[in-house]
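Chain by chain, the residues:
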Amino acid sequence: MSATAPRKRRRRFKKQASDRPVVVPFTPDNDAAVCYVRQSHFTDESMSSDVQAQDTHRWTNAYGVPVAATVEDLHVSGDLEPHKRSGLKLWLSDAPPQPWKTLVVSKLDRLVRNVMDALNLLEWLRARGKRLIAIAEGIDSSNSMSEFLITLIAAFARMERERMRERFKDSKAKLKEAGRWAGEGHIYGTKPVQLPGGGWILGLDQYAVKILHKLSRMARTGKSLTEMCDWLADNKIVTPRDRQLQLAAERRGEDPATVDLKGYEWGTSVLRRLLENPDLVEFGIFEPAEQAEISARLEEKARRKTRGSNQPYPFSGVLVCADCLEPLWHRIAHSKRTRTDGTTVEYHNEYWHCPNYEHGSSMRADVIEPLAEQAFYKIFAMVPVRERIVLPPTTHENEIAKLEREHAKLMSGVARAKSPEDRRRIVDDGDKILADIDTLRALPADPGGVQWVSTDRTWQQELVGMSPEDRRLRWLELGFAFAVQKRPDGTWSAGWRLPDGWQEAMPEIAEWAERIADTGATIEITDLLDWPTGGPTESKR
Ligand SMILES: [Zn+2]
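Parameters at a glance
- Residues numbered from 1 in each chain as written.
- Predicted model: local features only at pLDDT ≥ 70, side-chain atom pairs only at ≥ 80, totals over all residues.
- Heavy atoms only, no water.
- Salt bridge = Lys/Arg side-chain N within 4 Å of Asp/Glu carboxyl O.
- Helix = DSSP H or I, 4+ residues; strand = E, 2+ residues; numbered from the N terminus.
- Buried < 20%, exposed > 50% of the residue type's maximum accessible area, 1.4 Å probe, protein only.
- Donors = N, O, S within 2.8 Å, 3.2 Å for Na, K, Ca; no water.
- Tetrahedral: all angles 85-135°; square planar, octahedral: opposite > 155°, others 65-115°.
- Lys, Arg positive; Asp, Glu negative; His and termini not counted.
- Contact = heavy atoms within 4.5 Å.
- Core = buried A, V, L, I, M, F, W, Y, C linked by side-chain atoms within 4.5 Å.
- Axes fitted to C-alpha atoms, helices over the stretch in contact; angles between N-to-C directions.
- Left-handed = near helix turned anticlockwise from the far one by under 90°.
- Nonpolar A, V, L, I, M, F, W, Y, C, P; charged D, E, K, R; others polar.
- Expected span 1.5 Å × (residues − 1).
- Polar contact = N/O pair within 3.5 Å; in protein donor to acceptor, adjacent residues only side chain to side chain.
- pLDDT = per-residue confidence, 0-100.
- Pairing = 2+ DSSP bridges.

## Examining the pattern of salt bridges
Reasoning step 1: Tallying each qualifying case throughout the model produces 21 salt bridges.
Reasoning step 2: Residue Arg 131 is joined to Asp 31 by a salt bridge in which the shortest nitrogen-to-oxygen separation is 3.1 Å. Taken together, the residues Arg 131 in strand E4 (residues 131-134) and Asp 31 in the segment before strand E1 (33-39) connect sequence positions 100 residues apart.
Reasoning step 3: Of the residues examined, Arg 131 reaches a relative accessible area of 10% and is grouped as buried.
Reasoning step 4: Of the residues examined, Asp 31 reaches a relative accessible area of 11% and is grouped as buried.
Reasoning step 5: Salt bridges sharing common partners tie together Asp 31, Arg 131 and Asp 140.

## Focus on the coordination of the zinc ion
In ideal tetrahedral geometry, four donors around a metal make angles of 109.5 degrees, whereas ideal octahedral geometry with six donors gives angles of 90 or 180 degrees.
Reasoning step 1: In the first shell of the zinc ion, the protein supplies Cys 321 (SG), Cys 324 (SG), Cys 354 (SG) and His 359 (ND1), at 2.0 to 2.3 Å from the metal.
Reasoning step 2: Taken together, the four donor atoms coordinating the zinc ion and their angles of 103 to 120° define a geometry best described as tetrahedral.
Reasoning step 3: Read in sequence order, the donor residues for the zinc ion give the motif C-x2-C-x29-C-x4-H. In this pair, Cys 324 is assigned in the loop between strand E8 (319-321) and strand E9 (329-338) and His 359 in the loop between strand E10 (344-353) and strand E11 (363-364), connecting sequence segments 35 residues apart.
Reasoning step 4: By relative accessible area, which is 15% here, Cys 324 ends up buried.
Reasoning step 5: By relative accessible area, which is 19% here, His 359 ends up buried.

## Re the side chain of Arg 297
Reasoning step 1: Mapped onto the elements of the fold, Arg 297 is located in helix H9 (residues 288-307).
Reasoning step 2: No salt bridge is formed by the buried Arg 297; its nearest oppositely charged neighbour, Glu 293, is found at 4.4 Å.
Reasoning step 3: Apart from residues lying up to four places away in sequence, Arg 297 is in contact with Ala 219, Arg 220, Gly 222, Asp 470 and Leu 473.

## As for the nonpolar core
Reasoning step 1: Membership of the largest hydrophobic core comes to 35 residues, with the highest contact counts inside it found for Ile 368, Trp 459, Phe 480, Phe 482 and Trp 496.
Reasoning step 2: For this core, the secondary-structure elements that each account for two or more residues are E8, helix H10 (365-380), helix H13 (459-463), helix H14 (468-478), strand E14 (481-486) and strand E15 (492-497).
Reasoning step 3: For this core, the leading source of residues is H10, giving nine residues.
Reasoning step 4: For Phe 482, the contacting residues outside a window of four places in its chain are Val 318, Leu 319, Val 320, Ile 368, Leu 371, Ala 372, Ala 375, Ala 494, Gly 495 and Trp 496.
Reasoning step 5: The next biggest cluster of nonpolar side chains, apart from the first, holds 28 residues, and it includes Val 71, Leu 88, Trp 100 and Leu 132.

## Brief notes about the packing of helix H4 (residues 206-220) against helix H5 (residues 225-234)
Reasoning step 1: Direction vectors running N to C along H4 and H5 enclose 145°, while the axes themselves pass 10 Å from each other. Between H4 and H5 lies a crossing of right-handed hand. Residues Ile 211, Lys 214, Leu 215, Met 218 and Ala 219 of H4 form the contact with H5, whose participating residues are Glu 227, Met 228, Trp 231 and Leu 232.
Reasoning step 2: A class-by-class count of the residues in the contact of H4 with H5 yields seven nonpolar, no polar and two charged.

## So, H10
Reasoning step 1: For H10, with 16 residues, the first-to-last C-alpha span of 22 Å sits near the 22 Å given by 1.5 Å per residue.
Reasoning step 2: Regarding H10, the residues found buried are Ala 365, Val 367, Ile 368, Glu 369, Leu 371, Ala 372, Ala 375, Phe 376, Ile 379 and Phe 380.

## Brief notes about the environment of Phe 286
Reasoning step 1: Looking at where Phe 286 falls in the secondary structure, it is placed in the loop between helix H8 (279-282) and H9.
Reasoning step 2: For Phe 286, a relative accessible area of 1% gives the class buried.
Reasoning step 3: Between the alpha carbons of Phe 286 and Val 209 there is a distance of 9.3 Å; along the sequence they are 77 residues apart.
Reasoning step 4: Residue contacts for Phe 286: discarding those within four places in its chain leaves Leu 212, His 213, Ser 216, Leu 275, Leu 280, Val 281, Gln 291 and Ile 294.

## A short note on unusual backbone geometry
Apart from glycine, the bulk of residues carry a negative phi angle, and the bulk of peptide bonds sit in the trans form.
Reasoning step 1: Unusually for a residue other than glycine, Lys 236 sits at a positive phi of about 50°.
Reasoning step 2: Mapped onto the secondary structure, Lys 236 falls in the loop between H5 and helix H6 (240-251).
Reasoning step 3: Of note, Tyr 357 is a non-glycine position whose phi angle comes to about 55°, a positive value.
Reasoning step 4: The topology assignment puts Tyr 357 in the loop between E10 and E11.

## Remarks on the side chain of Gln 52
Reasoning step 1: On the secondary structure map, Gln 52 appears in helix H1 (residues 49-63).
Reasoning step 2: Among the polar contacts listed, one links the side chain of Gln 52 to the backbone oxygen of Arg 38, at a separation of 2.8 Å.

## Describing the confidence of the model for the protein
Reasoning step 1: With 75% of its residues at a pLDDT of at least 70, the protein reaches an overall mean of 77.
Reasoning step 2: Note on residues 516-524: pLDDT is under 50 here. Beyond four places in sequence and across chains, it has 20 contacts.
Reasoning step 3: In this model, residues 527-541 is a region of pLDDT below 50 whose contacts with residues beyond four sequence positions or in other chains number 28 contacts.

## Examining the sheet that holds E9
Reasoning step 1: Pairing is antiparallel in the open sheet, where three strands are placed in the order E9-E10-E11. Looking at the sheet topology across the chains shown, the edges are occupied by E9 and E11.
Reasoning step 2: Pairing analysis gives ten bridges linking E9 to E10, with the strands arranged antiparallel. Considered in E10, the bridge of His 330 is made with Trp 352.

## Thoughts on the pairing of E14
Reasoning step 1: Burial analysis of E14 places six of its six residues in the buried class, the great majority of the element.
Reasoning step 2: Of the two faces of E14, both are covered, the one formed by Ala 481, Ala 483 and Gln 485 as well as the one formed by Phe 482, Val 484 and Lys 486.
Reasoning step 3: One ladder, built from three bridges, connects E8 with E14; its direction is parallel. What sits directly across from Leu 319, in E14, is Phe 482.
Reasoning step 4: Both E14 and E15 contribute to a ladder of six bridges, which runs antiparallel. In the sheet register, Val 484 faces E15, and the bridge partner there is Ala 494.
Reasoning step 5: Linkage of E14 to E15, two consecutive antiparallel strands, is achieved through a turn of five residues, within which Gly 490 is found at a positive phi near 90°.

## Brief notes about the sheet that holds E1
Reasoning step 1: With respect to topology, five strands assemble into an open sheet ordered E2-E1-E3-E4-E5, the strand pairing being mixed. Edge positions in the sheet fall to strand E2 (67-74) and strand E5 (139-140), since each of these pairs with one other strand and no more.
Reasoning step 2: In terms of strand pairing, E4 meets E5 through two bridges, oriented antiparallel. Bridging across to E5, Ala 134 finds its partner in Ile 139.
Reasoning step 3: Lying over the sheet, H1 contacts E1, E2, strand E3 (102-105) and E4, oriented at roughly 160° with respect to E1.

Given below as structure tokens:
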């Protein structure tokens, strides 16, 4: 969120009544059920198609709904839209083999894997007086829309957490892969390592990695860049440039001690660029969350330095102006008043205001701080926390290097082959490896990118019991900000601003925000808060 970014117009999610989908209320007369079962290749026994079918039949028996059909889609991924599945699509048409009104699944993920598909399907069902039953989640779509949505979003939050746990492991493994070294400079913390088959790959320079970890701890415990530079100088740690010279000397077989070095003068801006360099995450030297925390701490230090204040308040940096998006400034007002009887009263009020003094009036801290907190919990309490992970681009160079090494090793065995057959076999194997290398070279490179990976926690769980300062840093790391303004006419504008890429970071909110519009509601934040119309009133003391 940069200061120069143009202000995005807040979207209003109001729609015309005519755009809203038709709803035919569900009635139990002539009800018949389609019991749906889906199994992909990888499903475990506990969700076998038999078990799913039994679950659905138990439900229809219990509720006395006759079964029109039991439909199975085997070896079908849950990501395929329900209307496109070979078995189910016959029934999700306006001319089904038999009339039916209730679609029963043992678990929601048998039917849909994302909110969009769920809501599309739901719209289709509701327009035809049909309903959806998801037994495990306790979902019955003939209940009220809002009740249904809440259950649905909670169900997806849980589903997402289960799925992402797997992906998290994959991403971690990918992060470990480092690129090949083409001979130019390399980031502090890495060093070129020669491959047995020729060529160089960037490995870790354990000496520099240790320094980086020490610096990371210092930054995260609130040390300033200047303090860190002093520490580096005191401990005679050579600069990144000099470290490269030393390593180059080592590669040439020279004594690193004879290299002419610039010295131990680390600059604060060089140090900051280094600590925030995303390559450190790609090489697995820093964890993504760790680097985000370092950035947040350094940013906070820099901001306080320019403001001349050293003490952050629990909402410093989190509250921003709704117009210019600059962080609000904090002000403490002391005043004394002498009463007519001669005694004096002291006033002590804390305020937040736009740093440009242009947008709206000062706002009482004891009014807007609880408001920001309340607003956050209203929206995010049950959304799972996702961490931002930077995936390095994959050019297959690592796999190619690995295969080349394998090939070289294999070929070195040709001379020692005991028989012509053995030799033939080794050469054949070698040719296969070479063919694999060619295939890999022909593959398109994956540019990598940012991925949001779920943790097991919801935002509610994440923030509970945190100190105000930790909570503030957590919000800053993720890029959350609460934009608030008291307009000259006394009305309020308020809303949580979401971090860049938030649609990926919290798909539940994104899709819910899109769809809630159909019920006629808006997600203007002011509507979600327990405010009387016109906003909070300032109490006079
Ligand atoms: Zn402003």
